[in-house]
Amino acid sequence: MKQLAKRANIIKPSATVALTTRAKLLKKEGKDIIIMAAGEPDFDTPDYIKEYAIDAIQKGFTKYTPAEGTVELRMAIAEKLKRDNNLEYDWKDIVVSNGAKQAIANTLMVIIDEGDEVIIPSPYWVTYTSLVELVGGKPVIVKTKIENEFKLTPEELEKHITPKTKAIILNSPSNPTGSVYTLEELKALGEIIEKHDLFVISDEIYEKIIYDGYKHISIASISDKLKENTIIINGVSKSHAMTGWRVGFSASNSEIAKKIAALQSQLSHHTASISQKAAEIAFLKNDGSVEKMRKEFEKRRDKIVEMLSNIEGIKFNIPHGAFYVFPDVSYFYRKRYKNWYIKNSLDLSEFLLEKVGLAAVSGIAFGEDSCIRFSYATNIDNIIEGINRFKKALEMLL
Ligand SMILES: Cc1ncc(COP(=O)(O)O)c(C=O)c1O
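Residues numbered from 1 in each chain as written. Predicted model: local features only at pLDDT ≥ 70, side-chain atom pairs only at ≥ 80, totals over all residues.

**Focus: the overall build of the protein**
Scanning the protein from N- to C-terminus turns up 14 helices and 14 strands. What you see for the protein is a C-alpha radius of gyration of 21 Å, in line with the 21 Å of a compact globule of 398 residues. Taken along the three principal axes of its C-alpha coordinates, the protein extends 60 × 60 × 55 Å. Taken over 398 residues, the protein has a buried fraction of 49%. Sequence-distant contacts, at least 24 apart, represent 73% of the contacts inside the protein between residues at least 6 apart. (Helix = DSSP H or I, 4+ residues; strand = E, 2+ residues; numbered from the N terminus. Rg over C-alpha atoms; globule rule 2.2 N^0.38 Å. Buried ≥ 20, exposed ≤ 12 C-beta atoms within 10 Å, placed from the backbone. Contact = placed C-beta atoms within 7 Å.)

In C-alpha cells:
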C-alpha cells in the first residue's frame, strides 16, 4: 500500500470523546462509573422543536437545501444576532453548517494559509489546535493564568504577535475553564487585534449558559473594524440541547461568507434539512426552556463549586459560564498510592477511573497539564457522588 497523506497523521482523535466512550463501555460491562467527561447537555431537546421537525418531515421537507442553509433559517439567525448580540448581519452573510465544529473548520480553511500563525489561548478546546494544523497553520499557544481566571490579557496577546500572525481564536464562555470575558476585557484585547489587523474566530457556542449576572458579549459588537474582522461561530448544540441535530453557523463579512459557502457546497453541501427546520424554530421561538436549562446548570455549578471548595490541595476559578470546572490538581503530582505514582493529569485521570470509578478528562487534552476537567452536565446526584469519589481518591494520595 502506498503511504497515506501527511494530513492523515495530523488529526488525533478527540481525548474527551475517547474517555467518554471508554467510561460508557466500562459502565455497560457492569462497573459502577460516574461520568463527568461529556461535553453535552444531558437534557432532551425541547418539545416545540421536536414537534416542528416532525411536522417538517411529514410535510416532505426532505430534499436538498441551499448549501448555505435555508433562507428562513439564515433570516432567523440574523434576527437572533440582532436581538441577543446587537449585531446587524445581512442573512446572506450567514452560513449554516454541521455544528459549530464545521463552521470553525470552514473558517480556518478559508482564512489560513500554510505557515500562518493562529493564536490560541490555553487552556483551549481540543479541536482548535487540530484544525489549525490540518489546514497547514501553526497554532501559537499562549498560556494563561488561573489567577486571571485563565483569561488572555492584552500584554500576553501582543507578546505573541509576529508578522505571520493571521488570526486569534477566542472562546467565551470557555470550554474547559468556564471563564467569561467582560466588555472591558474584550475592548482591551480588541485594541490589540485592531492594531495588528487580525482575524478573530469568536466561538460563542456557550453564550446561553452563563451565570452570576454575567452577560455574553460578542467581540464583533465592539467596533465596525472588529465586526469586519470577526467570524462569529455559534449554534444550537449547547443552548437548546441539540448536539445530535448538527446545526451551527458562521456570521462574517460578505467576502468570507461567500468563500465559506463555496467551500461547503463542495465539502458537505449542507446539514440535514430537518435539522435546519428545528434550528429555525429554536431561534425564532422562546418557550422558556433555554432559561430553565441555564438555571439548572447554575444550581449544579453552585453545588460542584461548594463541594470542590471543601477539598484540600486543589485550586480553581469559579466558572461563570459553560458547564465545566477546571481545578488545578498539581499538588497531587509526584504522590503515591500502593503501586500508583501520579506524574501528570493523564495519570490522575486514569487513577480516578480505575480506583474510584470517576471519568474526568485530563487537563493536558486542553493544553494545561496541571488541571483536570469535570463536566457538570449531569444530574445533581451524580455530581455529589462524583465529587465525593474525587475527594476520596485525592485522600488516598495524601
Ligand atoms: C468550545 C466549543 N466549540 C464548539 C463545539 C462544537 O459544537 P457543535 O456540536 O455545534 O459542533 C464544542 C463542543 O463541545 C465546544 O466545546
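What follows picks up the thread again.
**Description of the sheet that holds strand β2 (residues 94–97)**
Pairing is mixed in the open sheet, where seven strands are placed in the order β2-β8-β7-β6-β5-β3-β4. A strand with exactly one partner marks an edge of an open sheet, and here the two such strands are β2 and β4 (138–143). Each strand of the sheet is rotated relative to its neighbour by a mean of 20 degrees, with strand direction disregarded. Along the sheet, helix α4 (residues 71–85) contacts β2 and β8 (248–251); its crossing angle with β2, the most-contacted strand, is approximately 115 degrees. (Pairing = 2+ DSSP bridges. Axes fitted to C-alpha atoms, helices over the stretch in contact; angles between N-to-C directions.)

**Here we look at the confidence of the model for the protein**
Here the protein shows a mean pLDDT of 97. Residues at 70 or above account for 100%. The least confident element of the protein is helix α2 (residues 15–28), whose mean pLDDT is 84; the most confident is strand β6 (residues 199–203), at 99. (pLDDT = per-residue confidence, 0-100.)

**A closer look at the sheet that holds strand β13 (residues 361–362)**
In spatial order, the strands read β9-β14-β13; together these three strands make up an open sheet with antiparallel pairing. With partners counted over all chains shown, the strands left at the sheet margins are β9 (324–325) and β13, one partner each. Summarising the sheet, β13 and strand β14 (residues 372–375) pair through two bridges and their orientation is antiparallel. Across the sheet, Val361 pairs through a bridge with Arg373, a residue of β14.

**A closer look at the site of the ligand**
Taken together, 13 residues lie around the ligand, and Gly99, Ala100, Lys101, Asn175 and Ser237 are the ones closest in. Element by element, the count of residues in the shell around the ligand is highest for helix α5 (residues 99–111), at three residues. Along the lines of polarity and charge, the residues of the shell around the ligand split into three nonpolar, eight polar and two charged. (Near = placed C-beta within 6 Å. Nonpolar A, V, L, I, M, F, W, Y, C, P; charged D, E, K, R; others polar.)

**Brief notes about the packing of α5 against helix α6 (residues 126–134)**
Relative orientation of the contacting elements α5 and α6 amounts to 35 degrees, with a least axis distance of 10 Å. The interaxial crossing formed by α5 with α6 has right-handed handedness. Between α5, through Lys101, Ile104, Ala105 and Leu108, and α6, the contact on the second element is made entirely by Thr127, Leu131 and Val132. Taken together, the residues of the contact of α5 with α6 sort by class into five nonpolar, one polar and one charged. (Left-handed = near helix turned anticlockwise from the far one by under 90°.)

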